Amino acid sequence: LATGTGRPAVLVCEFGNDGYAETMRTALQEAGVDVSRCAHSAELPTGQGIVMLTPDGAASSIVVPGANAGWTAERAASLEELVCGASAVLLQREIPEEVNLAVARAACAAGVPVLQDVGGEDRPIDDELLREVAYVCPNETELERLTGMAIGSEAEILAAGRSLQSR
């Protein structure tokens, strides 16, 4: 998101207690991402997402949230200054819902647009959270899961999208 804006890309996450943590931290830093606000969990491993593609291009994924599942609303509150000074905030579903809601409320109150990636953990999304986000970013499978509506045609996809927007 920060490319071309003159603003740094900042990632806030929980790295786990395994070998992946340092590998990920190093790769992110080498890509120019500020990871100084990331924490380290002594109890949980680093989260992982594995995407599998079928020959026809359909995707399926396995998500292991790991350390990111250990976030608390108190930790989110400690990031309010960072959130309120951001150009945009991107939330993802491996973080507990109450944490995403706290961050979205702070960003929305400060006029910072919030993008919600709905991939990851398969759970319903809170209507209150949806009201705080500017953009909801589902793929077709996620849209079907969140709305319970068919998505076999363009008209059905648009109807499901409108249903999600109306919540």
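Starting afresh in each chain, residues are numbered from 1 along the sequence in its written order. Note on the predicted model: pLDDT of at least 70 is required for a residue's local features to be given, and 80 or more for side-chain atom pairs to be given and counted; whole-chain, interface and lining totals, by contrast, use all residues. Heavy atoms from the whole structure form the basis of all side-chain values; hydrogens and water molecules are not counted.

Let's talk about the pairing of strand β4 (residues 59–64)
As paired strands, strand β3 (residues 48–53) and β4 are joined by 6 bridges and run antiparallel to one another. When the bridges of β4 are listed, Val51 appears paired with Ser61. Paired strands, as defined in this entry, are two strands with at least two bridges between them according to DSSP. To qualify as a helix, a DSSP run of H or I must reach at least 4 residues; to qualify as a strand, a run of E must reach at least 2; elements of each kind are numbered from the N terminus.

Side note on helix α4 (residues 97–109)
Between its terminal C-alpha atoms α4 stretches 18 Å, which fits the 18 Å expected from 13 residues at 1.5 Å a residue. For the exposure calls, accessible area comes from a 1.4 Å probe over protein chains only, and a residue counts as buried if that area is under 20% of its type's maximum, exposed if over 50%, partly exposed in between. The set of residues buried in α4 consists of Glu97, Val99, Asn100, Leu101, Val103, Ala104, Ala106 and Ala107. Residue contacts are defined here by distance: any two heavy atoms, one from each residue, within 4.5 Å place the two residues in contact. Those residues of α4 that are buried are in contact with α2 (73–77), α3 (80–84), β5 (89–91), β6 (114–117) and α5 (127–132). In the segment just after α4, Gly111 is the residue with positive phi, at about 80 degrees. Working rule for helices: expected span equals 1.5 Å times residues minus one.

As for the layout of surface pockets
Of the two site types, the cavity is a set of points on a 1 Å grid over the protein atoms alone where a 1.4 Å probe fits but cannot get out, and the pocket is an open set with protein on both sides within 12 Å along at least five of seven lines, each lined by residues with an atom within 4 Å of a point. Grid points are joined across faces, edges and corners, and a volume is the space filled by probe spheres set on the points. When its volume is computed, the largest pocket comes out at roughly 1200 Å³. Taken together, 44 residues form the lining of the largest pocket, with Val10, Leu11, Val12, Leu90 and Leu91 sitting closest to its centre. Those elements giving two or more residues to the lining of the largest pocket turn out to be β1 (14–15), α1 (19–30), β3, β4, α3, β5 and α4. No other element matches the 4 residues that β3 contributes to the lining of the largest pocket. Residues belonging to the lining of the largest pocket are distributed by class as follows: 29 nonpolar, 11 polar and 4 charged. Each residue is assigned to one class: nonpolar for Ala, Val, Leu, Ile, Met, Phe, Trp, Tyr, Cys and Pro, charged for Asp, Glu, Lys and Arg, and polar for all the others, Gly among them.

Notes on the side chain of Glu97
Mapped onto the fold, Glu97 is located in helix α4. On the accessibility criterion, Glu97 (15% relative accessible area) is buried. As used in this structure description, the phrase polar contact means that two N or O atoms lie within 3.5 Å; if the pair is within protein, one of them must be able to donate a hydrogen and the other to accept it, and residues adjacent in sequence are counted only when both atoms belong to side chains. Of note is the side chain of Glu97, whose polar atom sits 2.7 Å from the side chain of Arg93. Residues contacting Glu97, with those up to four places away along its chain left out, are Arg123, Pro124, Ile125, Asp126 and Leu129.

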